Amino acid sequence: MDVPVLIIGAGPSGATTALLLARLGVRSLVISRHHSTANTPRAHIFNQRAMEVLRDAGVEAQCNEIATSMEHMEHSSFLDRLSGQEYGRLWAWGNKPGQKGNYETASPCRMSDLPQSYLEPILVEEARKAGAEFRFYTEFVRLEQHEHGVRTTICDRSSGEESTVTSSYLLGCDGARSAVLDALQIPVTGRQLNTAFNVHIQADLSRYIAHRPGSLNWVLNPEAPDWSAVGNFRMVRPWTEWVVSMHPARKDGQPFAPTEADIIQRLHQMIGDTTVPIKILSAFQWTINDQVASTWQQGRVLCIGDATHRHPPINGLGSNTCISDAFNLAWKLAYVILGRAHPRLLDSLTVERKPVGDAIVRRANNGMEAHRLLWDIIGLDQPSRAEALRLLAEDSAAGRKKRASWFTAMKDMEDEVQALGIQMNQIYLDSPAIAAETDDIAPDFGSLDPLREVKLSTFPGYHLPHVWLARDGQSPRVSTLDLAGQGRFALFTGVGGNCWRVAADELTRSLNVPLVAYTIGFGCEYLDCYREWEQIRGVQEDGVVLVRPDHFVAWRYATRADDARSRLENILETILGRP
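As annotated in an unreviewed UniProt entry, the protein chain is FAD binding domain-containing protein from Aspergillus bertholletiae.

Put into C-alpha cells, the structure is as follows:
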C-alpha cells in the first residue's frame, strides 16, 4: 500500500493529526496495536488551548455536548476520607472567582472534563469521514527510510500476517513506550520514577461530592496499605463514574498486585462507607515518568505526543499537549506534501515543540513533588497524622508554624489547578518558520508569572491573542482565532492598510498558498467590538499581522508599505522554507 502519511498510534496525537490532515486534503493510514479507541477514561481535563484546536478541526460542538462542564470541575479537595474530615479545598480549572476573567479573556473556548474514551471515537469517526483510514489491532514492526519515503512493515495481530506500507512520511504517535522512537534509536533522557494503580469504577458518590463539586478528590488516609497510601477519586461522570488513582508510599517502583477484594476494601475505606455499591470496570498499573526525547525528527519520520514527552498527569497537560503537537505538525506536513512548502519546513518541529514538551514534563514532575510535600506535612501514617492534626488545631507557636506550612503547601497546589500560563504560553521565538523584523522589539514579560499568567502579544512567535470581533451590529461575534486557522495563513490589517489586502489577494493565486486577509477597525470589514484589538495588535492601524495556520503569529510590520506585495511574498517564501 502506498499512502502519503502513515501514522502509528490512534490516540489524541495520532487521531487529531489524521483529522487535520484529512481536512487539508491529505490522506493518511492510521494503525493502532489496540482493538479499538481508548477503553478507559485516561486523560480527561482539556484546557482552552486544546479546545481551540478541536474548534479549528470542527469538532468542538460535539465535544462540548458530551463533556462535563466547568461547574462540575469547581474544586480540588483534600480529605481523610470522602465522608470524613476535610483538610482543605482549592478553586480549580478557572473557577476561582477572582480569576475567571483571565480565562475568559484568554480564549473563546472553555475548559472541560472530556474523558479520552469519549473524545477518541469523535476524532476517529470525523477523520474517517474526511478520508483517513484506520486499522486497529495492527502493530508497527520495523521501518526503513530511503530518499523518497519510508517503507514500514506492519502486522495484523489477529492473523499474524505482515504487510508493507510505503509512505512519504511516517509519524510516531505511539505513546510513552514508542516503538517508533526506539526503532530510530533516538535518546530519551530522564527516568521512570514510580508506579501507580488505577481503578475505573461505577459508584454513586453524590452525597459526598455534589456539595463541593470537583473533578479531583484526594484522600490522604493514614490507615492505607503501602500500595495505596494516597488515593484520588477523579470524576468521569458526575457523580457515578470514577477513575481512582492509588499512589504507593514508597518510590522504589516495585509492582504490586492487589486482588479485587483488596481493591474493594480499600475503596470503601477511602469513601468511609462500606454500604456504597461499587462496580469495578477495569484496573491497571501505570508508570510515573520524567522523560523527554532528544529530538522529534529523523529524516522522514517525525514523532509527537507522549512518545516525546512523558510525565505524570499533574496539571492535565498530557493529551492537551499531544493535541497541540498535532496542530503544529499537520499544516506543515500538508503544505509539504501538497507542494506549498519545502520539506525543510518540517525541521521546525523539534525547534518549536521540544521546549514546550520539556517544560510540561518539568512542571508535571514539580507538581508531583508538591503533592508529596503536602503528604509529608499532613503525615501518611497514624502517629504522624495524629501529631499533625494536633498541631494544626493547637493555639501555640508550633501550631501557628504548622498551619503556616500547610497553608503555604495548599497555596502551592494552585500551580496545578489554576495554572493558566502553562496551558497557554507556547512560544516559538527561535523558529525558522517565524520571521521578525530586525527593528521589531520583543515584549518584556519579566514581571509576569509564566505559570499562572498568559503572555499576550502579536510579536512573531507568540500565539494570536483572542479578541472578539463582529461584522456589524446585526452579526454574531467571532474570535480572531475563528478567522485564522483552517489550514490558511491569515492577514490582519486596518484603516489605511489596503495595500496588504491587495497583496494577499494577488499572492494567494501566484504562490499557491491559502491566504485570507481581514480589515479590523472603524468602517472596516470587522468591528473591534470592545476595542481590544487596538490595544493588542502591536502595529499601527495600517500595519499588518500575519498568522500561520496553527494560530501563531508568523510576522508583523508596523505600517503600510509601498512594496507590500514583495515584502509579503519574501516573508511567506522564508517561512515556508522555499529556496
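> Quick one: what's the story with the overall build of the protein chain, residue by residue and with numbers?
Of the regular secondary structure elements, the protein chain holds 17 helices and 25 strands. Taken over the C-alpha trace, the protein chain has a radius of gyration of 25 Å; the compact-globule value for 579 residues is 25 Å, and the two agree within 12%. Across its three principal axes, the protein chain shows a C-alpha extent of roughly 75 × 60 × 40 Å. For the protein chain, contacts bridging at least 24 residues in sequence account for 73% of all contacts bridging at least 6. Each charge class in the protein chain was averaged separately, 59 positive and 69 negative side chains, and the resulting centres sit 2 Å apart.

> Report on the side chain of Glu241, specifying residues and quantitative values.
Among the structural elements, Glu241 can be located in strand β14 (residues 241-247). If sequence neighbours within four positions are ignored, Glu241 has contacts with Tyr118, His200, Ile201, Gln202, Ala203, Arg234, Met235, Val236 and Leu281.

> Could you give an account of helix α11 (residues 382-392), with specific residues and numbers?
Among the residues of α11, Arg385, Ala388, Leu391 and Leu392 are the ones counted as buried. Buried residues along α11 cover an arc of 130 degrees about the axis, so they all sit on one side. Where α11 is buried, its residues touch β5 (86-91), β12 (214-220), α10 (348-378) and α12 (397-417).

> Describe the domain arrangement of the protein chain, listing the residues and the values that go with them.
How big an interface is tends to be reported as the loss of accessible area on association of its parts. Segmentation of the protein chain into domains returns domain 1 (2-67 + 112-188 + 290-362) and domain 2 (427-576). Centre-to-centre separation of domain 1 and domain 2, based on C-alpha positions: 28 Å. Each partner contributes to the roughly 1,900 Å² buried at the junction of domain 1 and domain 2, and carbon and sulfur atoms together form 54% of this total. Applying the counting rule to domain 1 against domain 2 returns two salt bridges.

> Tell me about the packing of α11 against α12, and please be specific about residues and values.
Look at α11 against α12: their axes get within 7 Å of each other, and the N-to-C directions meet at 105 degrees. Classified by the angle between their axes, α11 and α12 sit roughly perpendicular to one another. The segment α11 lies against α12, with Ala388, Leu391 and Leu392 engaging Ala398, Gly399, Lys402, Arg403 and Trp406. Per-class residue counts for the contact of α11 with α12 are five nonpolar, one polar and two charged.

> Break down the pattern of salt bridges for me, citing the residues and quoting the values.
Taken as a whole and assessed by the stated rule, the structure comprises 33 salt bridges. The partner of Glu352 in a salt bridge is Arg548, with the nearest N and O atoms 2.7 Å apart. Of the two residues, Glu352 sits in helix α10 while Arg548 sits in the loop between β24 (544-547) and β25 (553-557), which places them 196 residues apart along the sequence. A salt bridge links Arg548 to Asp550; the shortest N-O distance between them is 2.7 Å. Judged by relative accessible area, Arg548 falls into the buried class, the value being 0%.

> If you had to explain the packing of aromatic side chains to someone new, which residues and values would you point to?
Per the counting criterion, the structure on display carries 17 aromatic pairs. On the basis of an interplanar angle of 85 degrees and a centroid distance of 6.4 Å, the ring pair of Tyr87 and Trp406 is categorised as edge-to-face. A residue pair is termed long-range when its members are at least 10 positions apart, and Tyr87 in strand β5 and Trp406 in helix α12 qualify at 319 residues. Here Tyr87 falls in the buried class, since its relative accessible area comes to 12%. Ring pairs connect the aromatic residues Phe492, Tyr518, Tyr526 and Trp533, which therefore count as one cluster. When the ring centre of Tyr169 is taken as origin, the NZ or CZ atom of Arg300, which lies over that ring, is 4.9 Å away.

Calculation rules
Residues numbered from 1 in each chain as written. Predicted model: local features only at pLDDT ≥ 70, side-chain atom pairs only at ≥ 80, totals over all residues. Heavy atoms only, no water. Helix = DSSP H or I, 4+ residues; strand = E, 2+ residues; numbered from the N terminus. Rg over C-alpha atoms; globule rule 2.2 N^0.38 Å. Contact = heavy atoms within 4.5 Å. Lys, Arg positive; Asp, Glu negative; His and termini not counted. Charge placed at Lys NZ, Arg CZ, Asp CG, Glu CD. Buried < 20%, exposed > 50% of the residue type's maximum accessible area, 1.4 Å probe, protein only. Arc of directions from axis to C-beta. Domains from an automatic or database assignment. Buried area = accessible area lost by both parts, 1.4 Å probe. Salt bridge = Lys/Arg side-chain N within 4 Å of Asp/Glu carboxyl O. Axes fitted to C-alpha atoms, helices over the stretch in contact; angles between N-to-C directions. Parallel < 35°, antiparallel > 145°, perpendicular 65-115°, else oblique. Nonpolar A, V, L, I, M, F, W, Y, C, P; charged D, E, K, R; others polar. Phe/Tyr/Trp six-rings, centres within 6.5 Å; stacked < 30°, edge-to-face > 60°. Lys NZ or Arg CZ within 6 Å of the ring centre and 35° of its normal.

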